[in-house]
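Residue-level listing of the chains:
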Amino acid sequence: KQEVTQIPAALSVPEGENLVLNCSFTDSAIYNLQWFRQDPGKGLTSLLLIQSSQREQTSGRLNASLDKSSGRSTLYIAASQPGDSATYLCAVPNTDKLIFGTGTRLQVFP
Amino acid sequence: KAGVTQTPRYLIKTRGQQVTLSCSPISGHRSVSWYQQTPGQGLQFLFEYFSETQRNKGNFPGRFSGRQFSNSRSEMNVSTLELGDSALYLCASSLENRGHDEQYFGPGTRLTVT
């Protein structure tokens, strides 16, 4: 049974820091891994999708890596800003559904 | 291209009532999935529809049901509401799903049961 874990559960940093959020999954037979952002009370915004054949995916200040063999993905946020404050979720597909991690709640203060 | 839309955005209902939520996927997407999000349980899968057929169902009681129309729009229904049904209900759309496609989520419907 696929299980997805995210650490840390919460993170509070000053503006400008580079951050690494971690995502671990127990079953390495995945097609892809998706990172999402969720603002309080809102829906999920897709940030990056990494296919199983890829090692990295970049979008602006975000870079996600995937190591299937070790069951890990990291989301790197460069030069963090207060607007990055949100909960970040990773998810892996299991047939027709996504299995989500519990999320990392990020606060970036000025 | 318009994103996933969900209506209504907020609902307040009383225990025992029923409710219907609507989701319109991105144009061209044929798969619609529904999730329930609560502080205690996180995001839990409800069901997934493709071409008007339910392909997968999560571990929820029969009070939770859904359907998909020929234009890919989907509705979910919860009957005999309980306090524990208070949650953010999210729908997601993708081209065909089956674990290959990027999922796009709507803004959610916040349901409060009193």
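Quick look at the structure, then. None of the values given here were measured: they were computed from a predicted structure.

**Notes on the environment of A:D27**
Residue and element names in this part refer to chain A. Counting through the fold element by element, D27 comes out in the loop between β3 (19-25) and β4 (32-38). Of the residues examined, D27 reaches a relative accessible area of 37% and is grouped as partly exposed. Along the backbone, D27 and Q2 are 25 residues apart, and their C-alpha atoms lie at a distance of 5.5 Å. A distance of 3.0 Å separates a polar side-chain atom of D27 from the backbone nitrogen of A29.

**What about the packing of aromatic side chains?**
Working definition: an aromatic ring pair is given by the centre-to-centre distance plus the angle between the planes. Inspection of every chain in the model, using the stated rule, returns eight aromatic pairs over all chains. Relative to A:F100, the ring of A:F36 lies with its centre 5.8 Å away and its plane at 45°, an arrangement referred to as tilted. Linking A:F36 in strand β4 with A:F100 in strand β10 (residues 97-100), this pair joins segments that are 64 residues apart in sequence. With respect to burial, A:F36 and A:F100 carry one shared label: buried. Centroid distance B:F47 to B:Y49: 5.7 Å. Interplanar angle 70°. Geometry classified as edge-to-face. In this structure, B:F47 and B:Y49 share a single accessibility class: buried. Put simply, the rings of A:F36, A:F100, B:Y35, B:F45 and B:F105 touch in pairs and so form one group of aromatic residues.

**Here's the deal with the nonpolar core**
In terms of nonpolar packing, the biggest core is built from 24 residues, with A:L33, A:W35, A:L75, A:I77 and A:Y88 touching the most fellow members. Breaking this core down by element, the ones donating at least two residues are β3, β4, β5 (44-51), β7 (62-67), β8 (72-77), β9 (86-94) and β11 (104-109) of chain A. Residues in contact with A:L33, not counting those within four places in the same chain, are A:C23, A:F25, A:L48, A:L49, A:I50, A:L66, A:S73, A:C90, A:A91 and A:V92. Of all hydrophobic cores here, the second largest spans 21 residues; its members include B:V32, B:L46, B:Y49 and B:M76.

About the criteria used
- Residues numbered from 1 in each chain as written.
- Chains lettered and ligands numbered in written order.
- Predicted model: local features only at pLDDT ≥ 70, side-chain atom pairs only at ≥ 80, totals over all residues.
- Heavy atoms only, no water.
- Helix = DSSP H or I, 4+ residues; strand = E, 2+ residues; numbered from the N terminus.
- Buried < 20%, exposed > 50% of the residue type's maximum accessible area, 1.4 Å probe, protein only.
- Polar contact = N/O pair within 3.5 Å; in protein donor to acceptor, adjacent residues only side chain to side chain.
- Phe/Tyr/Trp six-rings, centres within 6.5 Å; stacked < 30°, edge-to-face > 60°.
- Core = buried A, V, L, I, M, F, W, Y, C linked by side-chain atoms within 4.5 Å.
- Contact = heavy atoms within 4.5 Å.

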